[in-house]
Amino acid sequence: MTAAPHEAPASVHPGLLAYLDEQDIPYEVLDGSVVVSPPCTFRHEDAAAELLTRLRVAAPDDLAVLGANFGFWYADPFYVMADITVTRRSDCEDRGTTVAPLLVVEVLSPSTRRRDLLGKWSVYAEAGVPSYWLVDPVEPSLTVLTLREGLYVETARISGTEELMVQEPFPVTVRLKR
């Protein structure tokens, strides 16, 4: 389900977004292209749910920890939807946010791996998202990337059942498997 009906970019037939909205089909508009992904795998959703739960429990009240249907409008009418977004509640609108989130988490899958590693990576870096986590549910692993001078640098990595204590955007201990 998308956040709200919206205007199609010039490169997209206006009826397409209306149809996708009517059918409750999730999609993103990434640099003028409409991107529709198939349903997620169990491992993908399980990893996302584990992290979402840990982040929500630890988050301070002024931050929102939101799931996969929350849009980051990086250049209206273009937006992306991370698997998990952490943003200030004061930056949230009904349709999503236009302010760079504090953290985005992408759970890799065969259908989204290239987009998450290349297309979204550059969108998040250019927008100034300070922390970007990549989760590979198959390995399983979590890679923490921190924005430094406009580029993401790997600052931590865990795999399997390892735990990681992070301080940003707030202190929390994360792990991928229970």
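To be clear, the structure that these remarks concern was listed above.
Right, let's walk through the structure included here. What you see is a predicted model, and the numbers here were worked out from it, not measured in a lab.

Regarding the sheet that holds strand 7 (residues 103-107)
Within the open sheet, the six strands sit side by side as 3-6-7-8-9-10. Their pairing is mixed. The two strands at the open ends of the sheet, each matched to only one other strand, are strand 3 (63-66) and strand 10 (151-159). Sheet twist, expressed as the average angle between the axes of neighbouring strands with direction ignored, equals 15°. Of the strand pairs in this sheet, strand 7 and strand 8 (residues 131-136) are connected by five bridges, and their pairing is parallel. Among the inter-strand pairings, Val105 is bridged to a residue of strand 8, identified as Trp133. Relative to the sheet, helix 2 (residues 42-58) contacts strand 3, strand 6 (84-88), strand 7, strand 8 and strand 9 (141-148), its axis offset from that of strand 7 by approximately 160°.

Digging into unusual backbone geometry
Excluding glycine, a negative phi dihedral is what most residues carry, and trans is how most peptide bonds are arranged. Residues Asp76 and Pro77 are joined by a peptide bond in cis, for which omega reads 15°. Among the secondary structure elements, Pro77 is positioned in the loop between strand 4 (72-75) and strand 5 (78-80). Omega for the bond connecting Glu168 with Pro169 falls within 30 degrees of zero, at 5°, which places this linkage in the cis form. Inspection of the secondary structure puts Pro169 in the loop between strand 11 (163-166) and strand 12 (172-175). Phi at Glu149 takes a positive value of approximately 55°, unusual for a residue other than glycine. For Glu149, the location among the structural elements is in the loop between strand 9 and strand 10. A relative accessible area of 85% means that Glu149 is categorised as exposed.

Re the nonpolar core
Within the largest apolar cluster, 25 residues are counted, with the highest numbers of intra-cluster contacts made by Leu51, Leu55, Trp133, Val135, Leu142, Leu164 and Phe170. No other element matches the four residues that helix 2 contributes to this core. Other than its neighbours up to four places away in sequence, Leu55 contacts Val65, Ile84, Leu103, Trp133, Phe170 and Val172. Formed by 14 residues, the second largest nonpolar core is a distinct cluster that contains Phe72, Val104, Tyr124 and Leu145.

Some points on helix 2
With 17 residues, helix 2 ought to run about 24 Å at 1.5 Å a step, and its terminal C-alpha atoms sit 24 Å apart, in line with that. Residues His44, Ala47, Ala48, Glu50, Leu51 and Leu55 constitute the buried set of helix 2. Around the axis of helix 2, the buried residues are gathered within 160° of arc, so they sit on the same side. Exposed side of helix 2, more than 90 degrees from the buried face: Phe42 and Val57 are the residues found there.

Comments concerning the pattern of salt bridges
One pass over the full model with this rule turns up seven salt bridges. Note that Asp76 and Arg95 form a salt bridge whose closest N and O atoms lie 3.2 Å from each other. Pair noted here: Asp76 is in the loop between strand 4 and strand 5 and Arg95 is in the loop between strand 6 and strand 7, with a separation of 19 residues, a long-range link. On the accessibility criterion, Arg95 (22% relative accessible area) is partly exposed. The salt bridge involving Arg157 is made with Glu139; its shortest N-O contact spans 3.0 Å. A residue pair is termed long-range when its members are at least 10 positions apart, and Arg157 in strand 10 and Glu139 in the loop between strand 8 and strand 9 qualify at 18 residues. Arg157 sits in the partly exposed class, given a relative accessible area of 41%. Three or more residues are tied together by salt bridges with common partners; here these are Asp76, Glu93 and Arg95.

What counts and how
- Residues numbered from 1 in each chain as written.
- Predicted model: local features only at pLDDT ≥ 70, side-chain atom pairs only at ≥ 80, totals over all residues.
- Heavy atoms only, no water.
- Pairing = 2+ DSSP bridges.
- Helix = DSSP H or I, 4+ residues; strand = E, 2+ residues; numbered from the N terminus.
- Axes fitted to C-alpha atoms, helices over the stretch in contact; angles between N-to-C directions.
- Contact = heavy atoms within 4.5 Å.
- Buried < 20%, exposed > 50% of the residue type's maximum accessible area, 1.4 Å probe, protein only.
- Core = buried A, V, L, I, M, F, W, Y, C linked by side-chain atoms within 4.5 Å.
- Expected span 1.5 Å × (residues − 1).
- Arc of directions from axis to C-beta.
- Salt bridge = Lys/Arg side-chain N within 4 Å of Asp/Glu carboxyl O.

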